[in-house]
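# Commentary on secondary and tertiary structure
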Amino acid sequence: MNLLKSCWFFMCGIFIKREYDVVFYYPQHFNRGSQDENMYFSHLINACKQEGRSYTVFEEPDFSLNSNRNKNATPFDFIFVLIILLRRMFNSEMDARTKDVRIGVFLSKTFFRCMSFNNVVTISQSMVSIFRGINSNCIIFDVQHGIIHPNKKNYLIEKYPDKNIIYNKMQLLLSGDSYKQLMIENDYTKYFKNNSHVIGSYIIREDLKHDSFNRNILVSLQFTHDHSNAENILLLQNLEQVINSNDDETITFYLKDHPRFNFDVNLTDLLSLKNVKPAPIDIDDCFKLCSLQITAYSTLVFEAALKGIPTILVNPLSKYDYFNKYFSYPFSNEIIDFSDKLFYKKSSFMVQEWASSYYSDFDKETFIDLLK
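Here we summarise the structure given alongside this text. Just so it is clear, the structure is predicted and the values come from calculations on it, not from any experiment.

## Quick look at the environment of Gly200
Mapped onto the secondary structure, Gly200 falls in the loop between strand E9 (196-198) and strand E10 (216-220). We classify Gly200 as buried; its relative accessible area is 7%. Each C-alpha atom, one on Gly200 and one on Leu173, is 8.2 Å from the other, the two residues being 27 residues apart in sequence.

## A look at the sheet that holds strand E13 (residues 292-295)
Spatially, 5 strands are ordered E12-E11-E10-E13-E14 in an open sheet, and the strand pairing comes out parallel. Two strands bound the open sheet, and with one partner strand each, they are strand E12 (276-278) and strand E14 (311-313). Adjacent strand axes in the sheet meet at a mean angle of 30 degrees, parallel and antiparallel pairs treated alike. The pairing of strand E11 (residues 252-256) with E12 spans 3 bridges and is classified as parallel. Across the sheet, the residue bridging to Phe253 is Val276, located in E12.

## Some thoughts on the pairing of E10
Of all 5 residues in E10, 5 are buried, a share of seventy percent or more. Side chains Asn216, Leu218 and Ser220 project from E10 onto one buried face, and the interleaved Ile217 and Val219 project onto a second face that is buried too. In this structure, E10 lies alongside E11, joined through 5 bridges in parallel fashion. For Ser220, the partnering residue across the bridge sits in E11 and is Lys256.

## Things to note about the packing of helix H3 (residues 77-89) against helix H4 (residues 96-108)
Describing two packed helices takes the angle between their axes plus the distance from one axis to the other. For the pair H3 and H4, interaxial distance at closest approach is 10 Å and the crossing angle is 130 degrees. With respect to H4, the element H3 is oriented oblique. Seen from above, H3 lies across H4 with right-handed handedness. Across from Ile79, Leu82, Ile83, Leu86 and Arg87 in H3, the residues of H4 making contact are Lys99, Asp100, Ile103, Phe106 and Leu107. Looking at side-chain class alone, the contact of H3 with H4 contains 7 nonpolar, no polar and 3 charged residues.

## Overview of the environment of Phe362
Mapped onto the fold, Phe362 is located in the loop between helix H14 (341-356) and helix H15 (364-370). What makes Phe362 partly exposed here is its relative accessible area of 23%. Separated by 162 residues in the primary sequence, Phe362 and Gly200 have C-alpha atoms spaced 4.1 Å apart. Ignoring any residue separated from it by four or fewer positions in sequence, one finds Phe362 in contact with His43, Leu44, Ala47, Ile199, Gly200, Ser201 and Phe367.

## Quick word on the nonpolar core
Residues Phe112 and Phe327 are the most contacted members of the largest nonpolar core, which totals 86 residues. With 6 residues, H3 is the single largest residue contributor to this core. Core analysis: the next-biggest nonpolar cluster, separate from the first, contains 21 residues, Phe41, Ala47, Val143 and Leu371 among them.

## Quick look at helix H9 (residues 229-244)
Helical geometry: 3.6 residues make up each α-helical turn, so side chains three or four residues apart lie on a common side. Between its terminal C-alpha atoms H9 stretches 22 Å, which fits the 22 Å expected from 16 residues at 1.5 Å a residue. Along H9, the residues that are buried comprise Glu231, Asn232, Leu235, Leu236, Asn238, Leu239, Val242 and Ile243. Buried residues along H9 cover an arc of 165 degrees about the axis, so they all sit on one side. Away from its buried face by more than 90 degrees, H9 exposes Asn229, Ala230, Gln241 and Asn244. For H9, the elements touching its buried residues are E10, E11, helix H10 (268-271), E12 and E13.

Thresholds applied
Residues numbered from 1 in each chain as written. Predicted model: local features only at pLDDT ≥ 70, side-chain atom pairs only at ≥ 80, totals over all residues. Heavy atoms only, no water. Helix = DSSP H or I, 4+ residues; strand = E, 2+ residues; numbered from the N terminus. Buried < 20%, exposed > 50% of the residue type's maximum accessible area, 1.4 Å probe, protein only. Pairing = 2+ DSSP bridges. Axes fitted to C-alpha atoms, helices over the stretch in contact; angles between N-to-C directions. Parallel < 35°, antiparallel > 145°, perpendicular 65-115°, else oblique. Left-handed = near helix turned anticlockwise from the far one by under 90°. Contact = heavy atoms within 4.5 Å. Nonpolar A, V, L, I, M, F, W, Y, C, P; charged D, E, K, R; others polar. Core = buried A, V, L, I, M, F, W, Y, C linked by side-chain atoms within 4.5 Å. Expected span 1.5 Å × (residues − 1). Arc of directions from axis to C-beta.

Here's what the structure looks like:
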């Protein structure tokens, strides 16, 4: 159904004129909202609606996932499959960016022939070279998702911005001033000084969720293909050690899978323990239920902190030790320390202040002013 709908839309694009101020593009696995929407884009789309900016939303399929599709987005399936086929047809010695730009030029003369747009908003740098080939003059914005640090692949490596960012003249949309400062301070080229913009985040600072430790702990897992099998095993062993060393049987651990959990790690033994349960699907329900979090390096450290929920970092992988190395997480304590009500409340205020400099409230005016 999605493929047919996509095929019809883009076939019509050969003949039907369409004009947009903004094209939003994202992969399917970012549909993490309660209505299967992309939460990283929802506030941006609403801003366009409120300000009368025309837009369209393209959703890239992920055929390896069972996650739901967004009914309000146009499936990109037809073009996505076509791009995969065209990539295989090009000379293998041609670099990936050049291939995609040339494919974009081809699309500009066919299925995008009657479509015009001034801005592209994407995430995880998805299809940026394709869109640069389609429209050499548009502004391409990449929305920050997750954490960015001085050695973040595809962003900043050894003091230099990623070539894909430079060649495609990308603009970064960041969630907080501390992220921008971190990028500028670690960029020899000064590219990010003028090409990164703080627009805030859909994640907002709230009143404290809990005034004491309620003995429910959210465990935000990091088992993905980003790690080697050995690294995933080490993460699992470390987590098992933390849970098994807990002597308080009144404490319950709720396991929350990473959105890109690859199922290569067997959690059966952990879930068989009396004090270990699956976490609710909705992250807001998780934070209502749990007053403390454990993770290796999940972005949920920030999201929990904005709600006043402290995190215990248990990370055996030194190369992923971002929160201590780059973000100066304000404390390092054990579960038992948070049983003290005064200490818990003090920690809640502390982490909330810390996170607010990285994740500020969404600034609609700044975002709209950036659009061409």
